[in-house]
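# An overview of the molecular structure
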Amino acid sequence: MTLVKQRSDYTFKYNKTLDRHGWLRLTPAYSVKLVEELVRKTKMERLNDVFILDPFSGTATTGLVAAQTGFSAHLYDINPFLVWLGNAKCASYSQETIDELWESAYRIVADYKLALNDENWEPGIHKIERWWSAHTLRILKAIRRAIVDELGEPELNNANGLVWIAFCRLVIETSAAAFNHVSLSFQDKTQVFAAQTIDIFFLDILNTVLGAAKTPVMGDAHVYQADSRFLPSSGVYYTHVITSPPYPNRISYIRELRPYMYWTKFLQEAREAGELDWEAIGGTWGIATSRLKGWQPERSDLPSEVFDVCKMIEKSENKNSLLMSRYVHKYFHDMHQHFAVLRDRLAVGAQLRYVVGNSTFYGIRVDTEKLLSLSLAQLGYENISQRIVRKRNSKKELFEYCVSATWQ
Ligand SMILES: C[S@@+](CC[C@H](N)C(=O)[O-])C[C@H]1O[C@@H](n2cnc3c(N)ncnc32)[C@H](O)[C@@H]1O
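All of these numbers come straight from a predicted model, not from anything done at the bench.

## Observations concerning the packing of aromatic side chains
- Scanning the model with the defined rule gives 18 aromatic pairs in all.
- An angle of 75° between the planes, with centres 5.1 Å apart, marks the rings of Phe-339 and Tyr-354 as edge-to-face. In this pair, Phe-339 is assigned in helix α12 (residues 321-342) and Tyr-354 in strand β7 (residues 346-357), connecting sequence segments 15 residues apart. One exposure class covers both Phe-339 and Tyr-354, and it is buried.
- A centroid spacing of 6.3 Å and a plane angle of 65° characterise the contact between Phe-339 and Tyr-381, whose relative ring orientation is edge-to-face. In this pair, Phe-339 sits in helix α12 while Tyr-381 sits in the loop between α13 (368-378) and β10 (382-391), placing the two residues 42 residues apart along the sequence. Just as Phe-339 is buried, Tyr-381 falls in that class too.

## A short note on the site of the ligand
- Around the ligand lies a shell of 22 residues, among which Thr-59, Thr-61, Asp-77, Ser-228 and Ile-281 are the nearest.
- For the ligand, a nitrogen atom lies 2.8 Å from a polar atom in the backbone of Ser-228.
- Classifying every residue of the shell around the ligand by side-chain character gives 13 nonpolar, 6 polar and 3 charged.

## Overview of α13
- Among the residues making up α13, those that are buried are Thr-368, Glu-369, Leu-371, Leu-372, Ser-373, Ser-375 and Leu-376.
- Where α13 terminates, the next one or two residues include Gly-380, which has phi positive at roughly 95°.

## Let's talk about helix α9 (residues 270-279)
- Of the positions making up α9, those classed as buried are Ala-273, Gly-274, Leu-276, Asp-277 and Trp-278.
- Residues of α9 that are buried make contact with α3 (80-90), α8 (253-263), α10 (287-291) and α12.

## Describing the pattern of salt bridges
- In this structure the tally under the stated criterion is 18 salt bridges.
- A salt bridge links Arg-229 to Asp-227, with the nearest nitrogen and oxygen atoms 2.6 Å apart. The pair Arg-229 / Asp-227 is uniform in exposure class, with both members buried.
- Residues Arg-229 and Glu-279 are paired through a salt bridge, measuring 3.7 Å at the closest nitrogen-oxygen approach. Here Glu-279 lies in helix α9 and Arg-229 lies in the loop between β5 (220-225) and β6 (238-243), a separation of 50 residues in the sequence.

Scoring rules and cut-offs
- Residues numbered from 1 in each chain as written.
- Predicted model: local features only at pLDDT ≥ 70, side-chain atom pairs only at ≥ 80, totals over all residues.
- Heavy atoms only, no water.
- Phe/Tyr/Trp six-rings, centres within 6.5 Å; stacked < 30°, edge-to-face > 60°.
- Helix = DSSP H or I, 4+ residues; strand = E, 2+ residues; numbered from the N terminus.
- Buried < 20%, exposed > 50% of the residue type's maximum accessible area, 1.4 Å probe, protein only.
- Near = heavy atom within 4 Å.
- Polar contact = N/O pair within 3.5 Å; in protein donor to acceptor, adjacent residues only side chain to side chain.
- Nonpolar A, V, L, I, M, F, W, Y, C, P; charged D, E, K, R; others polar.
- Contact = heavy atoms within 4.5 Å.
- Salt bridge = Lys/Arg side-chain N within 4 Å of Asp/Glu carboxyl O.

Below, the structure is given as C-alpha cells:
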C-alpha cells in the first residue's frame, strides 16, 4: 500500500507567499499548485476553446490561475465579500492607477492621525475587545475613516479595492486571531501597537499588494454573485469545471471571514451572517443550524447510499444525531441540485474536477467523494473517477480527493 502524505503544498499554506494569491487568507482555499496542475491538464489545444467555470469561487484561486495562464473563466460565489475580493484579484491595473493609489496611501497615513480622537465608526463585531486592544482599535478606526475620505467605501470592480485589501490584511495582522489551527482561534492577549508600527505594517502590506497588482493578467476571469444550486445562464457553455465546493464538515466560511466582512461593511450585524450561511451549502453558522430542524428536501432523487449514511448517523444516539443526519442530508441534496442544473451550462465533452474531503460524524465516515460520484452517475455524467490528493489529518482517516467526470 502506498503511503498517502499530508502534502501542505496542496493546501492554502502554499498560497501565502504567492503574489496575488497571498493577499488574504481563507483556510478552505485550495492550493495554487493543485489548481495549476488541473488547469495545465485541460486537454483543449487552443486557448480560445477553453472556458473554465468555478461555481464555488472562494478566494478566486481557480480564476486567478486560469487568467494568469491566459484562459477565460467565470466564477460564482454566494458571499458578496468573496465576489468583491475575487474580482479585485483577477483584474489588471495600469501603472498610472497604482501610482495614484500610492499617493492616496501616503495621504491616508498622514491624515488618519488628525482623526484619532474623533468618534469614528466601529464595526459591530461581537466582543470586539477580544480582537484588538482599545489603542489599536482607535488607530484602525481612524485609518478606515481616512481611506473612506480619500477613496470611498469598497466598490465592486474599482481599483480602490487594492487599498481595502491591504487594510483587511492590516486588520487581521494586528488582531489577536491565531490561525495555527484549521480555523481561527484567539491568542490570550491583544497587542498594543504604536501608530508608527502600524504605519510601517500598512505600507509594507500595500507594497506587497500593489507590487503584485502591477503584473497584468493575460486571461479574463470574472466572479459573479450567485447560488450555484440555481446557476444562472451566462450564455457560455463551459468546457471545464475546476472547483472545491464546501465539504460536509461544518466549517463555516463566514466565521473566518467575519473580521474582513465587518470592516468592509459587507456585514453589519450578526443576524446577516447566519442568513448568508443558510444560503451556503454546508453552512452552519448561527440561524443556519437551527433552521435545519424545519428544513424540507425539495428532491428525492438522491442516491440511496446518501439516505443509508444519514440513517446511520441518526441512529448513533448522540445528542445531536438527528440534526447532524439532516445536515449531511441537506449537504448532498444541495450538491445534487447543483450537479443537476450544471448540466445545462456545459459544453459537450466538458471535464469536471471537484476537490472534496470526506468527514466523520460520531465515528461514522461520510465518503463525500463516493456519494458525490453516485450523484453524478445518477444525473447522467460519465467517466467518473476519484483519486486521493492528500491526507488531511494525521490521526483520523480524512483525505482530500479529486472527483472527475465528463458531460457528453
Ligand atoms: C471550499 S470554498 C472554495 C475555496 C476556493 N477554491 C479557494 O481557493 O478559495 C467553498 C466556497 O463555496 C461558496 N459557496 C457555498 N455555498 C454556495 C452556493 N450555494 N453557491 C455559490 N457558492 C457557494 C462559499 O462561500 C465558499 O467560498
